[in-house]
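Spelled out from the first residue to the last, the chains are:
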Amino acid sequence: MWKVPLFDLDLSGEESRAAREAIDSGWLTMGERVLAFEEKFAGFIGVRHAVAVSSCTAGLQLAFSALNIGQGDEVICPSLSFVAAANSVLAVGATPIFADIGSVDELAVTDETIARCITERTRAIQLLHYAGQPCSIGPILTLAKHRGIPVIEDCAHAPGASVDGRRCGAFGDMGVFSFFANKNLTTAEGGMITTNDGDLADRLRLLRSHGMTSLTLDRYHGHAFTYDVVEPGYNFRLDEIRAAIGLVQLSKLEAGNARRAKLELLYRDCLAECTAAVLPFASASGKSVHHIFPILLGEGIERDRVMSGLKARGIQTSIHYPPIHLFSYFRKRFGCNEGMLPITESAGRRLLTLPLFPRMTEDDVNLVSSALKTVLADLTG
Ligand SMILES: *Cc1c(COP(=O)(O)O)cnc(C)c1O
């Protein structure tokens, strides 16, 4: 249907072979493959512990639970994110407090926008490395440390992104990754929590599986005959089939990220002279993994017409993101409205995501770029 879709999978026979081997192994969940995936992922990010979970959303919820965050507590989070950022806070009974982004170039919350949201009820700060570009993490960590508030990095866009050689997911108290179908590394559904804190890792493992003190695998190996339940938990486990796919995908991640970087560079070349669109991250530092390629349309350009113009040319686009605080549930429950987060709202009106994925060709990038320039020229006269 699309000449250039927004995203396409990068799977080969290797993933299906690994999945089949997992099925044929006779052990379907929380076995050797999950352990191997956790160990390899921890090594890749450069942290001591990685805890595999069923999704990033579940991982965020588990992270808040492990910090004993609940009713009456506040978690600062971006509004320019996927709604999971706020839903995971609501899931533990806490209140999301939306921080504005620092600028439409940065597209992420900053120490200054976070500082404005801190109250005596603040129990965590949730960050997003938007589009795979590391946010300005240094000043945020300084602020958080000074105020004694834990930091959770939403790394759904950022597996492999780094600042000064240190990977995203290794800065905060915990990093939470998504392996959903359209992410840089996929297991269809799945996620991972990274941490250097051994106590937190133990707590995460406990809560991931009903607060039970031993795993089915431990009992199979004869390491335990029974179990105790020390607190109520969840079932947020990952299975062997997904872990097997994840191990293959992890081995391909850096090549995929490098390919994305190359394609984005070409996009930036093609669109450099295009005055009707601004390319974000001009002043960004750190190494991005280019999860998506968002651009900012000039003020007053009707985005719907740009999207339908591109659709007519066979090009799929998207919006990352409609700000969370303006969804009807958040307006009704928390009294959020326009004007609350002016920079987020401006970005929310102007952002447009162009296709970007490792299997895209240089010709695809040229096609999208020239189609965009034509559509914008038609609209701006
Ligand atoms: C995809 C995504 C999530 C949710 O991930 P799931 O694994 O689908 O739960 C959360 N935050 C951001 C920014 C995302 O892009």
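Residues numbered from 1 in each chain as written. Predicted model: local features only at pLDDT ≥ 70, side-chain atom pairs only at ≥ 80, totals over all residues. Heavy atoms only, no water.

1. Some thoughts on the pattern of salt bridges
Here is step 1: Under the counting rule described, the total for this entry stands at 14 salt bridges.
Here is step 2: Linking arginine 203 and glutamate 231 is a salt bridge whose minimum nitrogen-to-oxygen distance equals 2.6 Å. One end of the pair, arginine 203, is in helix α7 (residues 198–208); the other, glutamate 231, is in the loop between α8 (216–220) and α9 (240–270), and 28 residues separate them in sequence. (Salt bridge = Lys/Arg side-chain N within 4 Å of Asp/Glu carboxyl O. Helix = DSSP H or I, 4+ residues; strand = E, 2+ residues; numbered from the N terminus.)

2. Notes on the side chain of serine 369
Here is step 1: Within the element layout of this structure, serine 369 appears in helix α13 (residues 362–380).
Here is step 2: A polar atom in the side chain of serine 369 sits 2.8 Å from the backbone oxygen of valine 365.
Here is step 3: If we skip the residues at most four places from it in the chain, serine 369 touches Tyr267, Cys270 and Leu271. (Polar contact = N/O pair within 3.5 Å; in protein donor to acceptor, adjacent residues only side chain to side chain. Contact = heavy atoms within 4.5 Å.)

3. Focus on the pairing of strand β8 (residues 174–178)
Here is step 1: Summarising burial for β8: 5 of the 5 residues are buried, a large majority.
Here is step 2: Side chains Met174, Val176 and Ser178 of β8 all project onto a buried face; the interleaved residues Gly175 and Phe177 project onto the opposite face, where all are buried too.
Here is step 3: Bridge count between strand β5 (residues 151–154) and β8: 3 bridges; the pairing is parallel. Within β8, the residue paired with glutamate 153 across the bridge is glycine 175.
Here is step 4: Examined bridge by bridge, β8 and strand β9 (residues 191–195) share 4 bridges and lie antiparallel to one another. Its bridge partner being in β9, serine 178 is matched across the sheet by glycine 191. (Buried < 20%, exposed > 50% of the residue type's maximum accessible area, 1.4 Å probe, protein only. Pairing = 2+ DSSP bridges.)

4. Some details on the site of the ligand
Here is step 1: In the vicinity of the ligand there are 15 residues, among which Cys56, Thr57, Asp154, Ser178 and Lys183 approach most closely.
Here is step 2: When the ligand sits alone it has 380 Å² of accessible area, and the protein chains cover 92% of it.
Here is step 3: Among the residues forming the shell around the ligand, the class breakdown is 7 nonpolar, 6 polar and 2 charged. (Near = heavy atom within 4 Å. Areas by Shrake-Rupley, 256 points an atom, 1.4 Å probe, with all protein chains shown as cover. Nonpolar A, V, L, I, M, F, W, Y, C, P; charged D, E, K, R; others polar.)

5. Topic: the side chain of asparagine 184
Here is step 1: If you trace the backbone, asparagine 184 turns up in the loop between β8 and β9.
Here is step 2: By relative accessible area, which is 11% here, asparagine 184 ends up buried.
Here is step 3: There is a polar contact of 3.1 Å between the side chain of asparagine 184 and the backbone oxygen of valine 289.
Here is step 4: At 2.7 Å, the side chain of asparagine 184 and the side chain of histidine 291 are in polar contact.

6. Remarks on the sheet that holds strand β1 (residues 49–53)
Here is step 1: Across the sheet, 7 strands lie side by side as β1-β9-β8-β5-β4-β2-β3; this open sheet has mixed pairing. Only two strands of the sheet have a single neighbouring strand rather than two, namely β1 and β3 (95–99). Ignoring which end each strand starts from, the neighbouring axes of this sheet average 25 degrees apart.
Here is step 2: Both strand β2 (residues 74–78) and strand β4 (residues 122–128) contribute to a ladder of 3 bridges, which runs parallel. Each bridged residue has a counterpart across the sheet, and for glutamate 74 the counterpart in β4 is threonine 122.
Here is step 3: Each of β1, β2, β4, β5, β8 and β9 touches helix α3 (residues 56–66); the most contacted strand, β8, lies at about 160 degrees to it.
Here is step 4: The strands touched by helix α4 (residues 84–91) are β2, β3 and β4; relative to β3, the strand with the most contacts, the crossing angle is about 150 degrees. (Axes fitted to C-alpha atoms, helices over the stretch in contact; angles between N-to-C directions.)

7. Quick look at the sheet that holds strand β11 (residues 293–297)
Here is step 1: If you trace the 3 strands from one edge of the open sheet to the other, you get β10-β11-β12, paired in antiparallel fashion. One side of each edge strand has no neighbouring strand; the edge strands of this open sheet are β10 (277–278) and β12 (351–354).
Here is step 2: Pairing between β10 and β11: 2 bridges, direction antiparallel. Bridge pairing links valine 278 to leucine 296 in β11.
Here is step 3: Across the sheet, helix α12 (residues 342–350) touches β10, β11 and β12, and the angle it forms with β12 is around 45 degrees.

8. Digging into α9
Here is step 1: Here α9 is 31 residues long and its end C-alpha atoms lie 43 Å apart, about the 45 Å a rise of 1.5 Å per residue gives.
Here is step 2: The largest bend in α9 comes to about 45 degrees, at lysine 252.
Here is step 3: Where α9 begins, the side chain of aspartate 239 points an oxygen toward the backbone nitrogen of isoleucine 241, at a separation of 3.0 Å. (Expected span 1.5 Å × (residues − 1). Bend = angle between axes of the 7 residues up to and from the residue.)

9. Considerations on unusual backbone geometry
Here is step 1: At the junction of histidine 320 and tyrosine 321, the peptide bond is cis and its omega measures out at 5 degrees in the coordinates.
Here is step 2: Topologically, tyrosine 321 is positioned in the loop between α10 (303–312) and α11 (328–334).
Here is step 3: One non-glycine residue, alanine 188, adopts positive backbone phi at about 80 degrees.
Here is step 4: As for its placement among the helices and strands, alanine 188 is situated in the loop between β8 and β9.
Here is step 5: According to the relative accessible area criterion, alanine 188 is partly exposed, its value standing at 41%.

10. Description of the environment of phenylalanine 41
Here is step 1: Along the polypeptide, phenylalanine 41 turns up in helix α2 (residues 32–45).
Here is step 2: Phenylalanine 41 gets classed as buried once you look at its relative accessible area, which sits at 0%.
Here is step 3: Ignoring anything within four residues of it in the chain, the contact list for phenylalanine 41 reads Phe177, Phe179, Leu185, Met192, Thr194 and Leu250.

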